[in-house]
Amino acid sequence: MSLLQISDPSSGPRPIGIDLGTTNSVVAYVSSLGEPLAISDCDGVVLVPSVVHYAEDRTIAVGPRAKALALDHPEDTIVSVKRFMGRGADDPETRRMGPYRFATSEGPVVRFRVAGRGEVTPVEVSAEILRELKDRAEDELGQVGGAVITVPAYFDDAQRQATKDAARLAGLEVLRLLNEPTAAALAYGLDKKTNGTFAVYDLGGGTFDVTILVLDDGVFQVKSTGGDSQLGGDDMDRALASRILTALGLEGTSSPSFTRYALDAARAIKHALTDHETVTTDLSHEGRTASFTVARDDFDALIQPLLQRTGVACRRALRDAGVEASALDGVILVGGSTRVPAVRRYVAQLFGRAPLTDLDPDLVVAMGAALQADMLAGAGSSKNDVLLLDVLPLSLGLEAMGGVVERILPRNTPIPAAAAQVFTTYADQQTGFELHVVQGERELAADCRSLARFTLRGIPPMAAGLARLEVRFDVDADGILHVTAKERTTGLEQKVDVTPSYGLDDATIEKMLEDAYEAGESDIEKRSLAEQRVEAERVILATEKALSEDGDLVSAEERASIELATRRLREAHAGTKHRVIAARIEELEHATHEFAGRRMDRAIRGALAGRDLVSVEETTRDARGIEHAHDPLGPSAPADSTEVE
Ligand code: ADP
Ligand code: MG
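This text gives an overview of the structure that appears in the document. (Residues numbered from 1 in each chain as written. Chains lettered and ligands numbered in written order. Predicted model: local features only at pLDDT ≥ 70, side-chain atom pairs only at ≥ 80, totals over all residues. Heavy atoms only, no water.)

### Things to note about the overall build of the protein
Our working rule: Helix and strand assignments follow DSSP, with helices taken as H or I runs no shorter than four residues and strands as E runs no shorter than two, numbered in order from the N terminus. Here the term buried applies to any residue with accessible area under 20% of the maximum for its type, exposed to any over 50%, and partly exposed to those in between, with areas from a 1.4 Å probe on protein chains only. Contact criterion: two residues are considered in contact whenever any of their non-hydrogen atoms come within 4.5 Å of each other. Accessibility throughout is a Shrake-Rupley quantity obtained with a 1.4 Å probe, and a residue counts as covered only by protein chains that appear here.
Helices and strands together make up the secondary structure of the protein, namely 14 helices and 27 strands. Counting over 645 residues, the protein shows a buried share of 53%. Contacts in the protein between residues at least 24 apart in sequence constitute 66% of all its contacts with a sequence separation of at least 6. As presented, the protein carries roughly 29000 Å² of accessible surface, and 50% of it is formed by carbon and sulfur atoms.

This is the structure in structure tokens:
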């Protein structure tokens, strides 16, 4: 009896979830029964190798066919393009990777020179992978609605933006970028609980990521992230391959052909060892043969150093999150390499509990993305909506007077997030503010990563400290930063979306954190020095202004002592001891104390005679210099202009 095809009442464009992986990608959707399903090709294979091959005749192969061509056409076959996403052409990291030909022409992003196409960007290469996934989904589902695409939790602005651009290029509407670990937690239905703390251990082909997630009243927050961008199953392959080469009598060979053969054999043996205690293989390549036997115990010993490295990153992530391993409510395994039994044992030991393994670690991220896409598409709004919060991997701030960083959104702030801070002018008659947005944990802006600079102009000249510049940082749900600067008294406003020209990977972030940690004390010294210098400049400027305006209020003797204190402060300002500067500031303030009192009396009398008291108070309050006014004592300050360039 033939079955009637029953049409799905919710048919129409279907939302999809995509795990755009470094090694493999997966596309999934939610069935009419509410179940997340990964889409397979005609051979029943769901993993699409994230590989794109460009041929001389302008044809493009993606996935398994591209992977097969990589051996013979290494330069025209881009593997692991995800590592290049959002990176600058001058990024030394990119030069170390792969056998590629990079374009030498000017431009902010990396470009590969490939057969048939001239130059392609990582965004274009990723778009090919996404197009392939979209095609597969369309074959299965007919029309495809929007997509949720997952990205590593540590992906920065540029990397997220690049991922979105790739999707747009592939003709996909991005419903949301979702952090990979959060997607895994959704796949396990952890959002159905109300509270809990979870670790997501993701060991893929070439990267390791660990994330601590907290579910609080049905809301997910990424508490911390960590990992190693150069650690994964490929390292296991390499360790085993060197044994294979030894067995073939080719220890330390540099033959590309034998190396490739050994790596492929190693991977097959590694996969077999996941299900078998011992594996024996007859090796044979270019006339050399050997019988090769490995026991699982040998393999486990071989990969111990790799496992230890994941342990270091996990302990650090727990520390960052302020969570004890014993306080975890679950550990989720993600990534093909977590199939290895030794990995599972190691994770169980590390966290003191058996990890969740019910779902296929290769598919769990795509399944979570599909569930989220389904939720966002909103058809089945019966399910409780999960508000997904991610976290900032590095602090975001502004450069303030003296080059110190004013942190606006600290690292590990859950996103979406917004924060505003009010700044004021440092110099009289200043008509512009230069804003410098930076990312990082260091105290001085010069040591952080510069994300954007922009200038707010056209502020009417006012006395120092009168202008009120409100700077707002908004980080949206996709992790992209929008900065708004508004001068309150005039309503003047300017916005920028921060899309830096190149990105950071987790190794760089780790390095920045380490540097910040190591530099901690000297940074604080530097910061104090910078702050004291700014303060010294402000006090000197104010003193000179006061003497010139109300000089008739001081006796000759008083003037001499004020001038002496000013000179001494200038000397300290030229030195490098912030405590000395602080002491001399106090000295000068002491010397001007009575004079300041008399000035205040005069100002108040003036106000009572009809002048504006409020403005008097405003000008005399301590308006800390936060802003980039030109440095009135510095050599580069233009004497005739107060506008900031
Ligand atoms: P990525 O997240 O980098 O795209 P995947 O999660 O797809 O990577 O993991 C790919 C890695 O998983 C490869 O190193 C592969 O050899 C490994 N892997 C897949 N299946 C198994 C298995 N059965 N046993 C051991 N390792 C496996
Ligand atoms: Mg992965």
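### Overview of unusual backbone geometry
Backbone phi values are negative for most residues with the exception of glycine, while trans is the configuration of most peptide bonds. Of note, Arg58 is a non-glycine position whose phi angle comes to about 70°, a positive value. Among the structural elements, Arg58 can be located in the loop between β5 (51-54) and β6 (60-62). In this structure, Glu286 is a non-glycine residue whose phi angle is positive, near 45°. For Glu286, the position within the fold is in the loop between β15 (278-285) and β16 (288-295).

### Some details on the packing of helix α5 (residues 180-187) against helix α10 (residues 364-377)
Heads up, the rule is: Note on definitions: angles span 0 to 180 degrees between N-to-C directions of axes, and those axes are lines fitted to C-alpha atoms, for helices only across the stretch in contact. Should an angle lie under 35 degrees it is considered roughly parallel, over 145 roughly antiparallel, and from 65 to 115 roughly perpendicular; all remaining angles are considered oblique.
It is at 7 Å that the axes of α5 and α10 come closest, and there the two elements cross at 80°. With respect to α10, the axis of α5 lies roughly perpendicular. Listed contacts from α10 to Glu180, Ala183, Ala184, Leu186 and Ala187 of α5 are Val364, Val365, Met367, Gly368, Ala369, Leu371 and Gln372.

### Thoughts on the sheet that holds β5
For clarity, the threshold we go by: A strand pair is defined by DSSP finding two or more bridges across the two strands.
Reading across from one edge, β6-β5-β7 is the order of the 3 strands in this open sheet, with antiparallel pairing throughout. This sheet does not close on itself; its edge strands, each paired only once, are β6 and β7 (77-79). Sheet twist, expressed as the average angle between the axes of neighbouring strands with direction ignored, equals 15°. One ladder, built from 3 bridges, connects β5 with β7; its direction is antiparallel. Paired with His53 across the two strands is Thr77, which belongs to β7. Packing of helix α3 (residues 122-141) onto the sheet brings it into contact with β5, β6 and β7, and relative to β5 it is tilted by some 110°.

### Considering the site of ligand 1
Threshold: Nearness is defined per residue: one heavy atom within 4 Å of the molecule or strand is enough. Pairing of N or O atoms within 3.5 Å defines a polar contact, subject to two protein rules: one partner must be a possible hydrogen donor and the other a possible acceptor, and residues neighboring in sequence count only if both atoms are side-chain atoms. All amino acids are sorted into three groups, where Ala, Val, Leu, Ile, Met, Phe, Trp, Tyr, Cys and Pro are nonpolar, Asp, Glu, Lys and Arg are charged, and the leftover types, Gly among them, are polar.
As a matter of local geometry, ligand 1 sits amid 18 residues, with Thr23, Asn24, Lys270, His271 and Thr274 nearest to it. Within the contact set of ligand 1, an oxygen atom lies 3.2 Å away from a backbone nitrogen or oxygen of Ser337. A distance of 3.2 Å separates a nitrogen atom of ligand 1 from a polar atom in the side chain of Arg339. Its free accessible area being 580 Å², ligand 1 has 89% of it covered by the protein chains. Of all the secondary-structure elements, those providing two or more residues to the shell around ligand 1 are α6 (233-247) and α7 (256-275). With 4 residues, α7 is the single largest residue contributor to the shell around ligand 1. Looking at side-chain class alone, the shell around ligand 1 contains 1 nonpolar, 12 polar and 5 charged residues.

### Overview of the nonpolar core
Stated precisely, the cut-off is as follows: Among the buried residues, those of types Ala, Val, Leu, Ile, Met, Phe, Trp, Tyr and Cys that are joined through side-chain atoms within 4.5 Å form a nonpolar core. Segmentation of the chain into domains, including their bounds, is taken from an automatic or database domain assignment.
One finds Tyr201, Ile244 and Phe351 to be the most contacted residues of the largest nonpolar core, which totals 47 residues. Looking at which element gives the most residues to this core, the answer is helix α8 (residues 296-321), with 10 residues. Mapped onto the domain boundaries, this core takes at least three residues apiece from domain 1 (10-232 + 301-391) and domain 2 (233-300).

### Section: the packing of α6 against α7
Rules: In this scheme the handedness of a crossing depends on how the near helix is turned from the far one: anticlockwise by less than a right angle means left-handed, clockwise means right-handed.
At their nearest, the axes of α6 and α7 sit 8 Å apart, and the two run at 115° to each other. By the angle class used here, α6 and α7 are roughly perpendicular. Crossing hand, α6 versus α7: right-handed. Touching Gly233, Asp234, Met236, Asp237, Arg238, Leu240, Ala241, Ile244 and Leu245 of α6 are Phe258, Ala262, Leu263, Ala265, Ala266, Arg267, Ile269 and Lys270, all from α7. Of the residues contributing to the contact of α6 with α7, the split by class is 11 nonpolar, 1 polar and 5 charged.

### Description of the sheet that holds strand β20 (residues 405-409)
Read from one edge to the other, the open sheet built from 4 strands follows the order β20-β19-β23-β24, with strand pairing classed as antiparallel. This sheet does not close on itself; its edge strands, each paired only once, are β20 and β24 (449-457). Each adjacent strand pair in this sheet contributes to an overall mean axis angle of 30°, direction not counted. Bridging between strand β19 (residues 396-399) and β20 involves 4 bridges; their strand directions are antiparallel. Looking at the pairing, Leu396 lines up with Leu409 of β20.

### Looking at the environment of Phe220
Along the polypeptide, Phe220 turns up in strand β14 (residues 219-228). Sequence separation between Phe220 and Thr194 is 26 residues, and the spatial gap between their C-alpha atoms is 9.7 Å.

### What about α5?
For α5, the buried fraction is high: 8 of the 8 residues fall into the buried class. Taken as a whole, α5 has its buried residues at Glu180, Pro181, Thr182, Ala183, Ala184, Ala185, Leu186 and Ala187. After α5 finishes, the residue Gly189 shows a positive phi value of roughly 70°.

### A few points about the pairing of β16
Strand direction decides the pairing type here: β15 and β16, joined by 8 bridges, are antiparallel. In the strand pairing of β16, Val279 is matched with Val294.

### Focus on the packing of aromatic side chains
Rules: Centre distance within 6.5 Å is the pairing criterion for rings of Phe, Tyr and Trp, where only the six-membered ring of Trp is used; planes under 30 degrees apart are then read as stacked, over 60 as edge-to-face, and the remainder as tilted.
Inspection of the entire model under this criterion finds 7 aromatic pairs. The interplanar angle of 50° and the centroid separation of 6.1 Å between the aromatic rings of Phe84 and Phe102 together place this pair among those described as tilted. Of this pair, Phe84 sits in the loop between β7 and α2 (92-96) while Phe102 sits in the loop between α2 and β8 (112-114), and the two are 18 residues apart along the sequence. Since its relative accessible area comes to 1%, Phe84 is described here as buried.

### A look at the side chain of Thr338
Turning to its location among the elements, Thr338 is positioned in the loop between β17 (330-334) and α9 (341-351). Within polar-contact distance, the side chain of Thr338 engages the backbone oxygen of Gly335 at 2.7 Å.

### Let's talk about the pattern of salt bridges
Formally: Definition used for salt bridges: Asp or Glu carboxyl oxygen within 4 Å of a side-chain nitrogen of Lys or Arg.
Within this structure, the stated rule accounts for 34 salt bridges. Salt-bridge contacts for Glu75 lead to Arg101; the nearest nitrogen and oxygen are separated by 2.8 Å. Here Glu75 is found in the loop between α1 (64-70) and β7, whereas its partner Arg101 is found in the loop between α2 and β8, with 26 residues between them in sequence. The class for Glu75 is partly exposed, based on a relative accessible area of 33%. Overall, Arg101 belongs to the partly exposed group, its relative accessible area being 25%. A salt bridge links Arg598 to Glu558; its shortest N-O distance comes to 2.9 Å. Residue Arg598 is found in helix α13 (residues 578-608), and its partner Glu558 is found in helix α12 (residues 556-574); the two are separated by 40 residues along the sequence. Each of Glu549, Asp550, Asp552, Arg599 and Arg602 takes part in one network of salt bridges that share partners.

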